[in-house]
Amino acid sequence: ALPNAFIEYQIAYSNPSAHTLSNIAIYDLTPSFTTFRSANCYSTPSGLTCATPSVGTGTAPSVGNVGDISWIMTNTPTGLASGASGEVRFCVRVDQ
């Protein structure tokens, strides 16, 4: 990618087991030679609540910086059911 271009990463998750999964967390970080722009909970199945990463909660770097990104999902009320899936995304800018 060219300098100043934006790249969006999509992280899909699913539960192939026969059991419900509880209190899920997904961790990633800004790749080398990029800076953080945004992150979101793109699709969240019923049974989970996904907290959008933010600098205020310490789960994402501030815009223009680098670091860890965390999506914390809590049960509402059950968790990730068997066969269920979802997706989280984040966007970075390529450094010059």
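One can find the structure itself at the top, above this paragraph.
All values reported here derive from a predicted model rather than from experimental measurement.

Attention shifts here to the sheet that holds strand 4 (residues 47-51). The pairing of strands in a sheet happens through backbone hydrogen bonds and is either parallel or antiparallel. With respect to topology, 3 strands assemble into an open sheet ordered 2-5-4, the strand pairing being antiparallel. The open sheet terminates on both sides in strands that have one partner only, identified here as strand 2 (25-29) and strand 4. Ignoring which end each strand starts from, the neighbouring axes of this sheet average 20 degrees apart. One ladder, built from 5 bridges, connects strand 4 with strand 5 (residues 68-76); its direction is antiparallel. In the strand pairing of strand 5, Gly47 is matched with Thr76.

For the rest of this paragraph, the subject is unusual backbone geometry. For the bond from Thr76 to Pro77, the omega torsion is -5 degrees, close enough to zero to count as cis. Positive phi, close to 45 degrees, is recorded for Asn23, a residue that is not glycine. By the element assignment, Asn23 lies in the loop between strand 1 (6-14) and strand 2. The class for Asn23 is exposed, based on a relative accessible area of 52%.

Another point: the nonpolar core. If you look at the biggest cluster of nonpolar residues, it comprises 18 residues, and the most contacted ones within it are Tyr13, Ile26, Trp71, Met73, Val88 and Phe90. Among the elements of the structure, strand 1, strand 3 (34-43), strand 4, strand 5 and strand 6 (85-94) are those that each provide at least two residues to this core.

Scoring rules and cut-offs
Residues numbered from 1 in each chain as written. Predicted model: local features only at pLDDT ≥ 70, side-chain atom pairs only at ≥ 80, totals over all residues. Heavy atoms only, no water. Pairing = 2+ DSSP bridges. Helix = DSSP H or I, 4+ residues; strand = E, 2+ residues; numbered from the N terminus. Axes fitted to C-alpha atoms, helices over the stretch in contact; angles between N-to-C directions. Buried < 20%, exposed > 50% of the residue type's maximum accessible area, 1.4 Å probe, protein only. Core = buried A, V, L, I, M, F, W, Y, C linked by side-chain atoms within 4.5 Å.

So far we have only geometry, and geometry alone does not tell us how the molecule works.
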